[in-house]
Amino acid sequence: MIEINKVSKAFGDKVVLKDVSTSFEQGKTNLIIGQSGSGKTVLMKCCIGLIDPDEGEVTFNKRPFSSLREKRKRELRKEMGVLFQGGALFDSLTVEENVMFPLNMFTDMSFEEKRERVNFVLKRVNLVNVNHLYPSEISGGMMKRVAIARAISNNPQYLFCDEPNSGLDPKTAEIIDQLISEITEEYNITTVINTHDMNSVLQIGQHINFLYKGELWWTGDKNSILHTSNPELNEFVFSTELTRRLK
Amino acid sequence: MMSLKALHTIGEYLLLMIETFKRPDKGPVFRRQLLVEIVGLGVDSIGLVVLMSVFTGAIVALQTAYNIDSPFIPLSMVGYTTRQLMVLEFSPTIISIILAGKVGSRIASEIGTMRVTEQIDALRVMGVNPANFLILPKITASMLFNPVLIVISMAVGIWGGWAACVVTGMVSSVDFVEGLRGWFEPFTVTYALIKTLVFAFIITSVAGYLGYTVNGGSVEVGRNSTRAVVISSVLIIGFDLLLTQLLLV
């Protein structure tokens, strides 16, 4: 479980996060939603340690991240898998080398064991016969799947996904969402997803945190989000013509 | 204001170097990276270095021969001048400036692109020290292989001078070789190699720093790549003066 305790962050005079407190539960898909500029990405970067909060603390199973020494932080980071918005695959490495990268860095597995693990996770994300291809030779959806495979290759306890559906068509986006949800349940990991895609919210939102102007405005799940009386959340949920008509 | 910014930049560069020179996470991975960089930064530059050196050696020899008017100056001076110029300045300094253009811009743009496409963030959140993983193999590769390049440059440059003299018939092979072998001070080669090591460090560390600290998008990557070449070249000339004063005078 990840606990966010009164996290605040400002860049100069601009306050981006104000006293945000919430928790992300193990074995569930925890979503951070909100409009652009609401502080979603900054909150996620505070969680994975790319930004230090000005105040407050992020705790991973009782381990306060920002108070840890650098060596311990790096140990904790090895338990994390992160799916970046653009995939962040290493473009000089093949698909196989990308997925094998965490195994090369942090395990003493033999090459055969590593290759077996790589093939297993690639198969898990429904990718076969792509091992020798470079990131520039595969589609956006495949890139996301390779990035997921890399993120889970070293059996992480925590999986962070920053806008996993951005730039994908609705069908591929649904496949990616489903995949993340299945992996979360299968491996009982704590998954945190940063999104503003309402399809994702309604499909896999087991624990939803709505950020509004840097504050935690609402928490709930995919069933309760459609019936909330919160005006800001309603404005966000029913912001498209399609959702307004459905309502 | 300017001096504060310069101090901030120097401080940031030094902190990055401290991160860079930490023990690599995994020895075999580092060695593999080192080999890749030796090929990419060193072996791939051999062709350019040979081409530049042969022509410069030839030009230096022909210019010297053309400018010797006095019958009191022996033609063997052409061989001597070519050797001295290649060993003392052209090979270590000018080739290093050329490498700053080729290798420096490559390093800055490669690392800069990795920064803007979140690949460096990906390394960091995996628990890898990105500065150590990306910059240390490049610095080590250049410091190991640039002396080889410079020795090649000296050899083929002198050969170019000899070939130009013999082909044009301006200086005989005997005269050229006599000058080449005369008044040789072995320390000049040591001096050239010390300079090469310092310049290799400057090229790779400055380019690594400027790539690593890119903030923005493709425009900034391009801008920092250019800055890497300009700053490295200026530093090479500055350190050339300093090292010449320290080692030769």
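Everything below is about the structure shown above.
Residues numbered from 1 in each chain as written. Chains lettered and ligands numbered in written order. Predicted model: local features only at pLDDT ≥ 70, side-chain atom pairs only at ≥ 80, totals over all residues.

### Description of the overall build of chain A
Then comes step 1: A count of helical and extended segments in chain A gives nine helices and 10 strands.
Then comes step 2: Its C-alpha atoms give chain A a radius of gyration of 18 Å, within 12% of the compact-globule value 18 Å for 247 residues.
Then comes step 3: Counting only C-alpha atoms and orienting by the principal axes, one finds that chain A spans roughly 55 × 45 × 30 Å.
Then comes step 4: Counting over 247 residues, chain A shows a buried share of 39%.
Then comes step 5: Within chain A, counting contacts between residues at least 6 apart in sequence, those at least 24 apart form 65% of the total. (Helix = DSSP H or I, 4+ residues; strand = E, 2+ residues; numbered from the N terminus. Rg over C-alpha atoms; globule rule 2.2 N^0.38 Å. Buried ≥ 20, exposed ≤ 12 C-beta atoms within 10 Å, placed from the backbone. Contact = placed C-beta atoms within 7 Å.)

### Details of the sheet that holds strand 4 (residues 55-60) of chain A
Sheet strands line up and pair through hydrogen bonds in the backbone, either parallel or antiparallel.
Then comes step 1: Ordered by their spatial adjacency, four strands build an open sheet running 2-1-4-5 (chain A), and the pairing between neighbours is antiparallel. If you trace the sheet from one side to the other, it starts and ends with strand 2 (14-24) and strand 5 (63-64) of chain A, each paired once. (Pairing = 2+ DSSP bridges.)

### Details of the interface of chain B and chain A
Then comes step 1: Contact with chain B, which involves 13 residues of that partner, is made by 15 residues of chain A.
Then comes step 2: Looking at the side of chain B that touches chain A, the element that brings in the most residues is helix 5 (residues 119-125) of chain B, giving five residues.
Then comes step 3: Residues that form the side of chain B that touches chain A fall into these classes: five nonpolar, three polar and five charged. (Nonpolar A, V, L, I, M, F, W, Y, C, P; charged D, E, K, R; others polar.)

### Describing the nonpolar core
Then comes step 1: Of all hydrophobic cores here, the largest spans 117 residues; its most connected members are A:L43, A:C47, A:V82, A:A147, A:A149, A:F160 and B:I203.
Then comes step 2: For this core, the element with the highest residue contribution is helix 6 (residues 130-168) of chain B, accounting for 14 residues.
Then comes step 3: When residues no more than four places from it in sequence are discounted, the contact partners of A:A147 are A:L83, A:F84, A:G87, A:A88 and A:L89. (Core = buried A, V, L, I, M, F, W, Y, C linked by C-beta atoms within 7 Å.)

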